[in-house]
Each structure stands twice: as structure tokens, then as C-alpha cells.
Amino acid sequence: MRISRTGLAAATAALFAASVPAAAADPLTPYTAQQLQWGDCPFKPATGDAPVQCAVVTVPRDWANPAAGTDLQVSISRAAATGERQGALLLNPGGPGGQGTPLAGSLAALEPSVHQLYDFVGMDPRGTGHAGTADQGFQCQVPVSRLPQGPLDARDRSAASVAAHQQVPRATAEACQSDALAPYVTTWQTAHDMDLVRSLLGDEKLNYLGYSYGTWLGAKYASLFPEHTGKTVLDSSVNFEGRLQADFEAFPVIDQRQFDDVYVPWLARNFAAQLGGTAAEVQAKWERVRAYYGTHGVSPDTFDGIFVGNGSEIQWLLGALVFLQGAAALDGTSATPPPALAESMDAASRKAFGVPAASLTPERVAAAAPDYTQRPGTRFAVACGDQPTRSASWYERLSDRQGPQYPLFGWAYGLGETCGFWSDKPQHELPSLPASAAANILVVQGEFDPQTGYEQASAAARSAGVPLVSVDDSPFHGQYALAGNPCVDGLVNVFLTKNSRPHSTTCPGVPLIGEDQVYPVAGPVRSTAPSVQTRLSSDSASRTRVRDEVSAMNR
């Protein structure tokens, strides 16, 4: 097994500093010599998933000093190749902080031609706990006394409102950094865990599929271990050649674009009787409904948040449901959705709110508001600890600039950014992608993705010199295996199974929920290709479920 030059040098220096004999045992041996013990997984696979087994891998707390500190354990899963094995395909759903072990069986079932040749391997990265167990990993315990009381509306720019909004990120940063584990939950450390997994699997190369933050993780693994980088697919990509935090800072821009240009027109086409038949009418009704919920126990920030990071079909339906129910209550009209969407909206309501769509009330919506007393530490330790952060005052000024242009999330984002209050400095540098590793990478990106912006992915692909598969008119997060788009799936499958990487190209989008045609929208992708008129029919429920899970991890 190989660790990066930085990690190896630090480990060697630690040995000399300790004045141990030259013949002392290699501190990496306890990790590289362990044997994987495969057995039943602690989580229950979803219906239709491929069979999987799980194992636990022991990793050093700090790869820069393997002999120091208490060891950590990470879970991995494996859906073994059904044919002649060519290697492993390691999966990451993003986050930071998403558990990947349940993903192996799901994706293996959705892409059988790739599963024939590859073990699909999921991983619960350090800090995320172990899927299917009570261990939820690194959680930041925020005292209730440190949180603001009462409803919040980021459009209120009074000093009191700004201060109340900043209580949450300040308290979160302090709670997370008070945990001794925080400095060791970073992309640099996780990339070394990944290379250990590669070694224990007996593979010279690690093939990889990552979504969202998983694109950053995969690119940084390739930067640190280029000689061990196999075929790598980075789907719904951040700018892995730039600043990770810049991708979060773009959320107000890309969320507003998706909301204005794609989501509102879709609402006007499908809910004209209740919400309005034009985009302008829907926008005006949305503002009225926002105010209505605000007088019925739903914080304006909470209402806005329902439409932020709207990266999956299920999230779209939930937003439409909340909007529709509010409009019905406000106007005294029916909240009956169109027949093509009724069943899906009812299922989404039962899953998110615990009641059928017809029984949804403002009280139920208010009860589903985020709980800030326990926050996922991995999300913040990675996002704020990988690279130097901006200050809280910088983020407040960003909010002042973004709010007028991007009101859906622009007012709130800068006031709620935890990294603005993060004081710990990065411990390791994350290098850019070398040409030798870039030759193995393919980037896939939807045009109107509200969680990783198209411009971020295209900038990364251009800077690294890797091909970009653009998906025209797609407003969702996660393309390969999750969208039912035969163009995307075909290109990626040929790359993985035939070792034939496509040039930069554009795939046509697929119709939106409840529709049978694509309504083209002007955007950053230029394409003259005809639209695909149907989704793939097989495993559509599984695709929708997995995409929603990936999107939820990255909201």
C-alpha cells in the first residue's frame, strides 16, 4: 500500500522523533496486513437490490502519524461481480458525510452490464458511522440555549435578525470543533482510507464512481494516488480544481436559476388551475403562499428551504404539494393534483410528513423543520477543514450581494454558512489533478442541477483537460444510472466496460415528472440534439428512490 508523499514523510519523521530502533515494525503493517471478513450487512437491502456482503476496515486516526491516536473503523459493502471480474468500482454518494454501503446493491442492480465485470463496493467514510446500526458517526451536539428562538426570515435585514441567523452556524462550528475527531475527518484522510481499501481488495487500480461531493473526493484521490487511479466517473461535479466552498457559495445562483427557469414553468404547466397558468402568476402565488405559511407556524426560512436543493423528482413533488396545499387553504379551492402526479405526490407526502397528501397541514410542515441541536460533523469538518475558509463577515457581505438577485436562498445562505466561523486551519494540502490521472476521468453534469452548478463542473473539466458529458435541460442531481437517460448510461457504460472514453458531448434531457416531452430551456448548454421522449422503463421506482437518497445527502 502507498500513502501520499506528505503522509509518508510525516509518518517517517514521527518514527525518528520517537527514537525507535531502525528495525522497528512499519507502523502501517497493522492496517495493510488485516484480512477482510465478509459477512451479512447490518442494513436491510432495498427491494430489487443485488446481494451484498459487508466488512469493517480498521484505519489509523491520522495517516500522517499512523502510530498515534485511537484507530477508527469504516464499513464497506460489496456486490460481487456476476461475471469475470475486472476489478472493483468504489462508490460515494456525496455529502460530505453520505453513507455509501447501501448504494452498492442498488447501483449494481440498476447497471447489470457493469456489475458483470466489477464488484460494486460501497463505503461509509470516516465520521459517518455505520449504515444500519445505531452508530451515526461524528455528530455535533449544539446546545438549545445557543440557538435562536422563534421564526426566522432572512429577508429581514435588521441587526437582530442577522445576529439570530448567525447563531446557528457559530454554535455549530464551536460544537464540531470541540470534538477531538474533527481535524481527522477530511478528504485527505478519507482518500488514504480508500487506498487502503484498494490494497485490501487486492487491486492495483481503484475504479470509482462518485456523485456531488463524491466528485471532489474521487478527484483528490486521483491527485494523491495517480498511479492507482483506474476508470473514474465524476457525476454532478463540483469544481475539483478550485475551492470546495465555492460550490456551496454558488447555491443561491443555481437554485434561483432552476426555480425561475424550470420549476415554476413546470408548475404552471401542471397546476394551472390552482397556481396560475403563467410563470408570473405562479411566482405571485408563491409569495402569497409563503406569507400564508408564515402566519401558520412555518418559518419563512423553512418554507424557502423546501425549494432549495430541489435535486430529485421526489423533492420536486414535495415542493409542489406544500405549495398546492397552501394555495388551496389560502384561496378556498381544491388541492387535487393532476391524475398523472396524484399517486406520486401522495407517496411523497406519506414518506416526508407521515400523512397522505390530502391530510397535509401547515402544522405537519412546521413539524418537519430542521433540528439544529444535532448536526452532522462530517459535513462541516470536510467542507470547512479541507481548505482555508472565508470569514463570517465575508459571508455576511455575500448575503447582502446575493439576496437581491437570488432571493430564494441568497439572503439566507451567507448568514448560515458554518465555515465562516471555522477557526481550525487545514492540516494537509490537496493537490490538483496530474495529467496521468486525468486520462482516466470522465465528468457528467446536468444543465440546471441546483446542487452542483453546471459552471462548476465545466470549469473543472476544462482546467483538468477531461471530457464533459453535458445533459441538456436536466434540472436534477445525479445522472448516471439515476435518470433513466439512455444516452448518459450508454456513454458511461462503454467507458467502464470497453475502456472507451467519449469526447466532450451533450446528451438530450428526458421529460420531467408527469410529462411526455421535453420543454427546452435556454441555459449554459448549447445543443441541437433532439430530446429523448421516454425514460427507461425498467427499475424506474428504484432509480427514483436512489436519486432521491443521493440528492438528500447533498442538500
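**Points about the packing of helix H3 (residues 103-110) against helix H22 (residues 540-553)**
Close contact between H3 and H22 brings their axes to 10 Å; oriented N to C, the two are set at 140°. Taken together, the axis directions place H3 and H22 in an arrangement best described as oblique. The way H3 lies across H22 gives a crossing that is left-handed. Here H3 contributes Leu103, Ser106, Leu107 and Leu110 to the contact with H22, which in turn contributes Ser542, Arg543, Arg545 and Val546.

**Digging into helix H7 (residues 213-224)**
Owing to its 3.6 residues per turn, the α-helix aligns residues three or four sequence positions apart on the same side. Given a rise of 1.5 Å per residue, 12 residues ought to cover 16 Å, and the 17 Å separating the end C-alpha atoms of H7 matches this to within 8%. Among the 12 residues of H7, 12 are classified as buried, and the element is accordingly described as predominantly covered.

**Here we look at the state of the cysteines**
Following the criterion strictly, the structure yields 4 disulfides and no others. The disulfide partner of Cys41 is Cys54, and the S-S distance across this bridge is 2.0 Å. In this structure the cystine formed by Cys41 and Cys54 twists about its S-S bond by roughly 95°; its chirality is therefore right-handed. Residue Cys41 is located in the loop between helix H2 (29-32) and strand S1 (53-59), and its partner Cys54 is located in strand S1; the two are separated by 13 residues in the primary sequence. Cys54 matches Cys41 in its accessibility class, with the two residues each being buried. Sulfur-sulfur distance for the disulfide between Cys487 and Cys507 comes to 2.0 Å. Sign of the S-S torsion, about -75° for the bond between Cys487 and Cys507, identifies this disulfide as left-handed.

**What about the side chain of Lys285?**
Within the secondary structure, Lys285 is located in helix H11 (residues 279-294). At 3.0 Å, the side chain of Lys285 and the side chain of Asp331 are in polar contact.

**Side note on the pattern of salt bridges**
Tallied over the entire structure, the rule returns 21 salt bridges. Taking the shortest distance from any N to any O, the salt bridge between Arg543 and Glu111 comes out at 3.9 Å. Here the residue Arg543 occupies a position in helix H22, and Glu111 occupies one in the loop between H3 and helix H4 (112-115), the gap between them amounting to 432 residues. Residue Arg543 shares its accessibility class with Glu111, and that shared class is buried. Arg288 is the salt-bridge partner of Asp331, the closest N and O atoms lying 3.2 Å from each other. On the criterion of sequence distance, the pair formed by Asp331 in helix H13 (residues 313-331) and Arg288 in helix H11 is long-range, its members being 43 residues apart. The structure contains a network of salt bridges with shared partners spanning Asp49, Arg545 and Glu549.

**Observations regarding the nonpolar core**
Judged by nonpolar contacts, the single largest core of 119 residues is most densely connected at Phe240, Trp266, Leu267, Phe271 and Phe307. Sorting elements by how many residues they give to this core places H13 first, with 10 residues. Core analysis: the next-biggest nonpolar cluster, separate from the first, contains 35 residues, Leu91, Val114, Phe120 and Val488 among them.

Cut-offs applied
Residues numbered from 1 in each chain as written. Predicted model: local features only at pLDDT ≥ 70, side-chain atom pairs only at ≥ 80, totals over all residues. Heavy atoms only, no water. Axes fitted to C-alpha atoms, helices over the stretch in contact; angles between N-to-C directions. Helix = DSSP H or I, 4+ residues; strand = E, 2+ residues; numbered from the N terminus. Parallel < 35°, antiparallel > 145°, perpendicular 65-115°, else oblique. Left-handed = near helix turned anticlockwise from the far one by under 90°. Contact = heavy atoms within 4.5 Å. Expected span 1.5 Å × (residues − 1). Buried < 20%, exposed > 50% of the residue type's maximum accessible area, 1.4 Å probe, protein only. Disulfide = S-S within 2.5 Å. Polar contact = N/O pair within 3.5 Å; in protein donor to acceptor, adjacent residues only side chain to side chain. Salt bridge = Lys/Arg side-chain N within 4 Å of Asp/Glu carboxyl O. Core = buried A, V, L, I, M, F, W, Y, C linked by side-chain atoms within 4.5 Å.

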